Structures are given as C-alpha cells and as structure tokens.
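Tertiary structure, described
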There are 4 protein chains.
Amino acid sequence: MTVGESYKDRKISVLKEPKQQRAKIKVAKVLDSAKRLLVFHGLEKLTTNHIAKDSGVSVGSIYQYFPNKQSIILKIYLDWLAEVKAEVIPFKEASLAMDASTLCKSLFRIIYADHIKNTQDQLLEKELTKAMRLFPELGEVEKQHSSEMIALMSDIIGNVLPEYSDEKSIQLAIFFYSLDSSIQQFIELGGDKKLAFDWYEKVVMETLNF
Amino acid sequence: MTVGESYKDRKISVLKEPKQQRAKIKVAKVLDSAKRLLVFHGLEKLTTNHIAKDSGVSVGSIYQYFPNKQSIILKIYLDWLAEVKAEVIPFKEASLAMDASTLCKSLFRIIYADHIKNTQDQLLEKELTKAMRLFPELGEVEKQHSSEMIALMSDIIGNVLPEYSDEKSIQLAIFFYSLDSSIQQFIELGGDKKLAFDWYEKVVMETLNF
Amino acid sequence: MTVGESYKDRKISVLKEPKQQRAKIKVAKVLDSAKRLLVFHGLEKLTTNHIAKDSGVSVGSIYQYFPNKQSIILKIYLDWLAEVKAEVIPFKEASLAMDASTLCKSLFRIIYADHIKNTQDQLLEKELTKAMRLFPELGEVEKQHSSEMIALMSDIIGNVLPEYSDEKSIQLAIFFYSLDSSIQQFIELGGDKKLAFDWYEKVVMETLNF
Amino acid sequence: MTVGESYKDRKISVLKEPKQQRAKIKVAKVLDSAKRLLVFHGLEKLTTNHIAKDSGVSVGSIYQYFPNKQSIILKIYLDWLAEVKAEVIPFKEASLAMDASTLCKSLFRIIYADHIKNTQDQLLEKELTKAMRLFPELGEVEKQHSSEMIALMSDIIGNVLPEYSDEKSIQLAIFFYSLDSSIQQFIELGGDKKLAFDWYEKVVMETLNF
DNA sequence: TATGAATGAGACTTCATTCAT
DNA sequence: AATGAATGAAGTCTCATTCAT
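Quick caveat, the model's predicted, so the values are computed rather than measured. (Residues numbered from 1 in each chain as written. Chains lettered and ligands numbered in written order. Predicted model: local features only at pLDDT ≥ 70, side-chain atom pairs only at ≥ 80, totals over all residues. Heavy atoms only, no water.)

1. Regarding the interface of chain A and chain B
- Listed by partner, the interface residues are 31 residues for chain A and 33 residues for chain B.
- Between chain A and chain B, roughly 2,900 Å² of surface is buried when both sides are summed, and carbon and sulfur atoms account for 65% of that area.
- Taken together, the links from chain A to chain B amount to 0 salt bridges.
- Secondary-structure elements contributing two or more residues to the side of chain A that touches chain B are helix H6 (119-134), helix H7 (136-160), helix H8 (166-188) and helix H9 (193-207) of chain A.
- Per element, the largest residue contribution to the side of chain A that touches chain B is 12 residues, and it comes from H8 of chain A.
- Class assignment of the residues belonging to the side of chain A that touches chain B gives a composition of 14 nonpolar, 10 polar and 7 charged. (Contact = heavy atoms within 4.5 Å. Buried area = accessible area lost by both parts, 1.4 Å probe. Salt bridge = Lys/Arg side-chain N within 4 Å of Asp/Glu carboxyl O. Helix = DSSP H or I, 4+ residues; strand = E, 2+ residues; numbered from the N terminus. Nonpolar A, V, L, I, M, F, W, Y, C, P; charged D, E, K, R; others polar.)

Now the structure itself:
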C-alpha cells in the first residue's frame, strides 16, 4: 500500500464512513418503522409517507436507499427468511455426526418452536405473507427461499439417511417443508398445541420410518 | 285456473324471465371477468373499472348487482366455499353406514382430488386466499366456513369412530382440515403427486389408528 | 260543431282522457314522492331513482312527464309559490273597499301565520329554498315570483294609500316582502313568537305611519 | 445571543419561511379559486378538480392543506364569520362608555355598510349561505356563530339599556340579528338603498324606544 | 307507452414517486 | 445529500339520463 493510496483511502474513509454510517442508521430506522407499522397497522396502512413520518426519515431519503416501496418490504422479508434459514443451517453440519432420529427430533422442535413465538413476530410474518402474495417480486423471492430450504433439508436427510435416493430425500424435504403451513393453520384454527406437537412429530417420524 | 289466467301467467313469465335472465347473465359476466382478472393479473389489478372493461358490463351496472367491490370477491369466495362444503356433506350421511376405513379413504380421495384440478382453479384459489387475508369481511367468512367444515368433519369422525370423545373428534377434524393447506403447498412446490397421495393418506390413516 | 268533429272529439276524449287521467295521477304521485323525500330526507337524497322507487312510477315514466330532475322540483316550487300568491291576491280586491289599517293588519296576519305552520311545510320550504339557490333555473323563477308579489303588494298599497307615489308603494312592497325572511330567521333562531308578532306588526304599521 | 446564533437564526428563518410562505400562498390560491368558482359558477361547480385546475394547485396539494372539500368551504365560511364578528366586538367595550342612541346608530351603520359592499362579496356570501344549508357541518358552525353574535349583541344591549331584563335583551338581539337577512334581501330585490337605510334604522331605533 | 336495466361522466380521495430548494 | 411539498394517475362509487324491450 502506497502512502498516496493510504492517504486517499483514509480520506475516502473519513468522508465516506460517517455517511455510510448515517445511511445504515437511516435504513435501519426505515426498516424498523416499516416493521412496526406492519405489525400494528397492517400492510394496507404501510405507505411510504407513514414510514417517513414514523421513522423520522424523509420520503426523499427513503427513496435514496430504496428504489420503491416494495423493496422495503422485500428487505424485511429477506431478513426474515435469512433468520429462518440460519436456524436450519447448523443442522446440516450436525447431520454428519448426529444419529438420524435425534436430529429429526431437534429439527422438528426448532420448526415447531417457531409457531409458539411472540405475537409481534407472528403478526409480522402474517403481514409479510400477505405482501408476498400481493407483490409478484416477493413471491419470486419466496420461491427461491423455498428451493434453498428444501435443498438444505434434503441434504440433511441425505446425510442422516444415506440409504435414501436423492430424489426421495428431495420429496421428503418438500413434504416436511410443506407441513409447516399445516401446523400454522392448525394452531390458528384453535387446535390444541400439545396435540399438534404429538401428531406432527409422529407424522414426521413415521414418514421417515423411525 | 282459466285458460286466460294460464295465458296471463305464461305472459308474465316470458316478460319476467328475460330480465332475470339478463341480470343473471350480467352477474355471471362480472363474476367471470373478476375470476379471469384474479387468475391472470392478480388481486391487485382487480379494480371495478377493469372488471367493467373486461366484462363489457358498465361500472354502473356492476354496482346495480353488487353493493361494492368486495362483495364481488365475496360472491366468488362463497361459491367456492360452497363447492368445497358440498363435496363433504354427503359423507356425513354415509358415515352412518360405511365402515370407518373405507369412508376415510374416499373422503381423503375427494379432498386430495381437489388438488389435482386445473391450474386456473388453483390460481383462483390462491388469489381468493390473498383476498381473504386482505379484506377482514372475507376473513370472517373464511372463519365461519372453517368452523362449519370442522364441525362437519368431527361429526363424521364421531360417527365412524364412536369410541372417540367429542373433543378428540374435533381436534382430529382440525388436524385433517389443516392438512389441506400442506397438501396444496406440497404440490405447489413441485412435489410428486403420487408420493403426496401415499404420504398424506398414511398420515390420515395412522392418526386414526387404522 | 259538426257531427264529424264531435265524433272525433269524443274519440279523442275516450282515448285520451284515461291516458291524461293516468298521466295526471302519475305526475301527482311523482310530485308527492318528491315532496315526501324532500321533507324526510332532504334535497341531497332526492334522486330520480329514489322518486321512482318511492312513487311506484318508473324512472322512464318520470322522464316522460318531466324533462329532467330540476323540473320536478320546479313544479313543486311553482305550486308552492302559487299558493303563497293565492293567499295575497284576494287582498287586492279587498283593498278597494277596506280601510288601510285593517287591511294591513289582516295581510300581516296572513303572512305571519305562514310561519307558524306545521313542521312538514316548513321543512319543505327550507329544502325548496336550498334547491332554489342550487339550481339557477329555480332562482330565476323565484325572481319572477318576487316581482309579481311585489307588484301585487304595491298595487294593494297603492289602493289603500293613494297618497303614496307609485315608487314609494313599490319600495314599501319590497320592504314588507323582504321582512318575511327576517321573521323566518327570528323564529329559527329561537326567538319568542309572541314578541316577533308584536315587533314585526309594529314595524309594518309604523312604516306606513298608522 | 452570539453573532453566530443570530446568523443561524436568520438562516433558519430564511430556510423555513419559504416553506411556510409557499404553503400560505398555496392555501391562499386554493381559497381564492374556491371563492372565485363559488362566485362565478356557484356551489355546484365547486369540485376539487375544478379548484385544482383553476388554482393551478394539484389535487394532491389541496388535500395536503385541507382534509376534504368541505373544509375548504368551511375555511372560507369561518373567515367570513370572523370578519363579521370582528366588526361588532369593538362595540361591546364601547357600549360601556357610549350613550345608547349613538352606539346603536353606529352599530347599525356598520351592519348596514356590509350590504353596500361589492357584488362579488355579496355573491360569495350567498353561495356560502347555500353551502351552509347544504352541509350539516357548516350549519353547525353557523348556529354557533349566531349564538355568539346574539350573545355579543345582547351584552351590548344590556350595557346601554340596563333597565331591560336579560331575556328582553336577548330577544332584541335575535330580532336585530334576524333583521340582517331582511336588509340583504331588500337590496337584492332592487330596493332603494337610501330608503332601506332610513326604514331599517327607524325600525331599530323605535324598537328600542329611542 | 311503460319499464327499469344500462350507461358513463364525473365526484372525492389516496399514495407512490418526483423534484425544487 | 436531504427534505418534504407537489404531483396526478388511478381507485371506488353515484346518479341523471337513455334506450332496448
């Protein structure tokens, strides 16, 4: 690194860093507001003007960081999907060392636990689902995420049950992944959570022939 | 009844029928357009003006038959729910005479068959689900429908498996009813329909201890 | 009158009379409904469709008898103005025989009495005033009516007080005619009717130097 | 205050003022257009789109300053009422020092003068009266204003004529306040303004027994 | 002629996005 | 770069009037 470069770099950094910093803060404020509005007022009331007022970031600035309204929701959505994925990823490595039955149980518990989370997260998820259905772009993202999740899960299944063909692993992954919406609805319809836990776990274990 | 009266009656009928006929045709046109727009352009593009343009029925006429936009979606939704319910109702009576295992298999087959229907119906269903989440009124209707379906199914379960408590029948009904959304998603995600059939049937049968 | 003519006339009459009769009845129904709606729901809710439904006369028929909505209101308005005028006309003849003071008192009583009439008439008048201000055509009619009333009243004044110049009679007529809106508002504002009577009568009598 | 602060303050003011300035200008433009349309085309043509076109302010901007159409009319109405009230208020204090007869004459002159104003103002007042009758909200405002004006006037009467009971003062206030509409109509009907002045003044003075 | 279904201009309002400052 | 006022297309719905039957 030359002195010149270093100087230039430093100059850039002292000039840019604060800005990037501020930008990050603003972006965070916007996303926080958007989430809050989503949770407390629903997707219908999520207007850019509301976000601006709630976040204290001007509309103009919002459009500096996001090309349009949907991209704000998209960011929230992507973050959420990443969280979901992050919960499952560790199991991929673990699947090489753990025995099949134990891993499945833990994995199931993780997924199941998601449905007993706090109300705000639930509401956010619901509104995001709305958005996902309403904006085709988000729908695409959801598809992409599903693929990745299924790939991940079929890898795990492949690891713990090497006797299964790839195809069968994939189908099982789809099956388990799909089961999630069913659990969600079961609880929404006022089903008993204890029973849900037992039945769905049984479904999983038996489909895997444990 | 005199000949004259009979003639008059007939006359009235030919005078009245066309009006009702025309009205029915218009209503059908509106509903068809609404469905088409829903399927091909999504709920977002379902505006009264678009329906008017697409159906060839003027906005004014639309509002002669429907008090507001939502009521159009509501009608489509109700029709669809009625269809769904109509498929299950016959099983209630049958459940008194049939043996449990056979009945469950046929019932499952009916439900399952719904998911191999043509793409347009699937898309329509998807958009209706959107709408249901977006408009509180439809949400209410959906809740009501769910309750009825679950009551229906728990009655059937009560008939074929009298040894189960009412509570258990209800929970099972909720479980099976919820399973539906899972099947739907399984297929949407590109899951193998044959496998889906086997697995879900197995889930049903085993949860019932057959 | 020739036989031919007589026959023709009769034919026309037997063919036309019932129709004219029916027409009159329909027109009356329409006007009644319009008045009723005006009184009970206000000018804002006075739509041709409402009149049709309320009167039992179809929209189409209404447009057979009235060129447009305003003309319905116009008819009601004209009828009302005619009534008002009819109350004053007798005084013109009487003014030749009666003494000034007595006549003025009776005339004042008539006008004043109008403001103690039943609520429905009051409401109708209020709505008609609205309409008069809203539709320029009615405004014109009102102007015409005012002119006639003022001419009538200045004639009366001219008869009972021949010593006044025509110009002064006219100005007095305008003055008295204008006073009416004041009385109306006095009562609307919750003024004491007995006091109103005394004061306004005094104003009239003193302006005429009685 | 340091020079720096002062400078900053000034800077803030030059930064802020334009916005408030622009806003004020826009609001003024909107109100001016609304008045103009009211005067030249009547309440019927007073639509938000027309105001937008006429004022050169976009619909969106109009709705930035006014929550709905009626609030535009309300503003105009309130401004006008405030003007009217502002003219009378000074008389309340004056009424403690002035002799009754003089005060009444000046007060009358003020009120009377209002009716010799230019035609546009007269038309505007007329249209506002229309609006007041048409929109319940405005009606309420008018009622409130009437109450205040009558209270004000009865206070004045109470001050200059302490021998009158409160009740009599109120009734007189209502009487004088009502008289206004009569004067207005007198002039509208083409009555001679000089005569009007004399007669109405006489009515006032005599009712007060001067 | 009578009917009332059909029409569609136009009213009010919202909100994503732009742009002058 | 930041601001937030400004924009105007587009949405929902009404109602005077027409016109096919």
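From this point, things continue past the structure.
2. Brief notes about empty space enclosed by the protein
All names here are of chain C.
- Applying the stated criterion to the full structure yields 4 cavities of 30 Å³ or more.
- If you trace the largest cavity, you find 15 residues lining it, with Leu107, Ile111, Met153, Phe176 and Val204 closest to the centre.
- Ranked by residues supplied to the lining of the largest cavity, first place goes to helix H5 (residues 100-113) with 5 residues.
- Of the residues belonging to the lining of the largest cavity, the class tally is 14 nonpolar, no polar and 1 charged. (1 Å grid on protein atoms, 1.4 Å probe; cavity = no way out; pocket = protein on both sides within 12 Å on 5 of 7 lines; lining within 4 Å. Points joined across faces, edges and corners; volume = space filled by probe spheres on them.)

3. A few points about the packing of helix H8 (residues 166-188) of chain D against helix H9 (residues 193-207) of chain D
All names here are of chain D.
- Packing of H8 against H9 leaves a shortest axis separation of 11 Å and a crossing angle of 170°. The orientation of H8 relative to H9 falls into the category roughly antiparallel. In contact with Leu172, Phe175, Phe176, Leu179, Ser182, Ile183, Phe186 and Ile187 of H8, H9 contributes Lys193, Ala196, Trp199, Tyr200, Val203, Val204 and Thr207. (Axes fitted to C-alpha atoms, helices over the stretch in contact; angles between N-to-C directions. Parallel < 35°, antiparallel > 145°, perpendicular 65-115°, else oblique.)

4. Digging into the interface of chain C and chain D
- Across the boundary between the two partners, chain C contributes 32 residues, which contact 32 residues of chain D.
- Where chain C meets chain D, there are 0 salt bridges.
- Counting the contacts that link chain C with chain D gives 12 residue pairs in polar contact (both at pLDDT 80 or more).
- Listed by contribution, the elements that provide at least two residues to the side of chain C that touches chain D are helix H6 (119-134), helix H7 (136-160), helix H8 (166-188) and helix H9 (193-207) of chain C.
- The leading source of residues in the side of chain C that touches chain D is H8 of chain C, at 12 residues.
- Split into classes, the residues belonging to the side of chain C that touches chain D amount to 14 nonpolar, 10 polar and 8 charged. (Polar contact = N/O pair within 3.5 Å; in protein donor to acceptor, adjacent residues only side chain to side chain.)

5. Some details on the arrangement of the chains
- Chain B shows no contact with chain C. Their nearest C-alpha atoms sit 12 Å apart.
- With no contact between them, chain A and chain D keep their nearest C-alpha atoms 12 Å apart.

6. A closer look at the relation of the copies chain A and chain B
- Under the fitted operation, chain A is carried onto chain B by 0.4 Å of movement along the axis and a turn of 176°, and the coordinates agree to an RMSD of 0.8 Å. Here the copies are linked by what is in effect a two-fold axis. Nearest to the rotation axis, the C-alpha of Ser182 of chain A is located 2.2 Å from it, this being the minimum over chain A.
- Of the interface residues in chain A, 97% have counterparts in chain B that sit at the interface too, so the contact is made through matching surfaces. (Least-squares fit on C-alpha atoms with pLDDT ≥ 70 in both.)

7. A short note on the protein's contact with DNA strand E
- If you check the shell around DNA strand E, you find 32 residues, and the closest are Gly60 and Tyr65 of chain B, Gln64 of chain C together with Tyr63 and Lys69 of chain D.
- One of the side-chain nitrogen or oxygen atoms of Tyr63 of chain A is found 2.9 Å away from a phosphate oxygen of DNA strand E.
- Side-chain polar atom of Lys69 of chain D to a phosphate oxygen of DNA strand E: 2.6 Å apart, as the coordinates give it.
- Of the residues in the surface near DNA strand E, the class split is 9 nonpolar, 17 polar and 6 charged. (Near = heavy atom within 4 Å.)

8. Remarks on the protein's contact with DNA strand F
- The full set close to DNA strand F counts 31 residues, and Asn49, Tyr63 and Lys69 of chain B, Thr48 of chain C together with Tyr65 of chain D are the nearest of them.
- Expressed as a percentage, the sugar and phosphate content of the atoms of DNA strand F within 4 Å of the protein is 64%.
- In the environment of DNA strand F, a phosphate oxygen lies 2.9 Å from a nitrogen or oxygen atom belonging to the backbone of Thr48 of chain C.
- Secondary structure elements with two or more residues in the surface near DNA strand F: helix H3 (59-65) of chain A, helix H2 (48-55) and helix H3 (59-65) of chain B, helix H2 (48-55) and helix H3 (59-65) of chain C together with helix H1 (3-41) and helix H3 (59-65) of chain D.
- Across the surface near DNA strand F, the residue classes tally to 8 nonpolar, 18 polar and 5 charged.

9. Thoughts on the domain arrangement of chain A
Residue and element names in this part refer to chain A.
- For chain A, the assigned domains read domain 1 (1-66) and domain 2 (70-210).
- Computed from C-alpha coordinates alone, the two centres of domain 1 and domain 2 are separated by 31 Å.
- Facing 14 residues of domain 1, the contacting portion of domain 2 comprises 14 residues.
- Note on domain 1 versus domain 2: buried area summed over both sides is about 1,200 Å², and carbon and sulfur give 83% of it.
- When residues of domain 1 are sorted by the area they lose upon contact with domain 2, Leu38, Val39 and Leu43 head the list and together hold 45% of the total.
- As a salt-bridge pair, Glu44 and Lys130 come within 2.7 Å of each other at their nearest N and O atoms.
- At the boundary of domain 1 with domain 2, the tally comes to 2 residue pairs in polar contact (both at pLDDT 80 or more).
- With 7 residues, the single largest contributor to the side of domain 1 that touches domain 2 is helix H1 (residues 3-41).
- Considering only residue class, the side of domain 1 that touches domain 2 consists of 11 nonpolar, 1 polar and 2 charged. (Domains from an automatic or database assignment.)

10. Some thoughts on the side chain of Glu142 of chain A
- Within the fold, Glu142 of chain A resides in helix H7.
- Relative accessible area serves as the criterion here: at 16%, Glu142 of chain A is assigned to the buried category. (Buried < 20%, exposed > 50% of the residue type's maximum accessible area, 1.4 Å probe, protein only.)

11. A word on the confidence of the model for chain A
- Scored by pLDDT, chain A has a mean of 85; 91% of the residues are at 70 or more.
- Low pLDDT (under 50) marks residues 1-15 of chain A, which in the prediction has 4 contacts with non-local residues, meaning those over four places away or in another chain. (pLDDT = per-residue confidence, 0-100.)

12. Looking at the pattern of salt bridges
- Applying the stated criterion to the full structure yields 36 salt bridges over all chains.
- Here Glu201 of chain A and Arg109 of chain A are joined by a salt bridge, their closest N and O atoms 3.5 Å apart. Taken together, the residues Glu201 of chain A in helix H9 and Arg109 of chain A in helix H5 (residues 100-113) connect sequence positions 92 residues apart.
- With a shortest N-O distance of 2.8 Å, Asp79 of chain B and Lys75 of chain B are connected by a salt bridge. One end of the pair is Asp79 of chain B and the other is Lys75 of chain B, both in helix H4 (residues 69-97) and 4 residues apart, which spans about a single turn.
- What you see here is one network of salt bridges that share partners, running through Glu44, Glu127 and Lys130 of chain A.

13. A look at the packing of aromatic side chains
- Per the stated rule, a full pass over the model turns up 32 aromatic pairs over all chains.
- When the centroid spacing of 5.7 Å and the interplanar angle of 50° are considered together, the rings of Phe108 of chain C and Phe197 of chain C count as tilted. Here Phe197 of chain C lies in helix H9 and Phe108 of chain C lies in helix H5, a separation of 89 residues in the sequence. Taken as a pair, Phe108 of chain C and Phe197 of chain C share a single burial class, namely buried.
- Measuring from centroid to centroid gives 5.2 Å for Trp199 of chain C and Phe175 of chain D, while their planes differ by 50°, and the two rings are tilted. Pair noted here: Trp199 of chain C is in helix H9 and Phe175 of chain D is in helix H8, and the two residues belong to different chains.
- Judged by relative accessible area, Trp199 of chain C falls into the buried class, the value being 9%.
- A relative accessible area of 0% means that Phe175 of chain D is categorised as buried.
- Each member of the aromatic cluster is reached from another via a ring pair, and the members are Phe175 and Phe176 of chain A together with Phe186, Trp199 and Tyr200 of chain B. (Phe/Tyr/Trp six-rings, centres within 6.5 Å; stacked < 30°, edge-to-face > 60°.)

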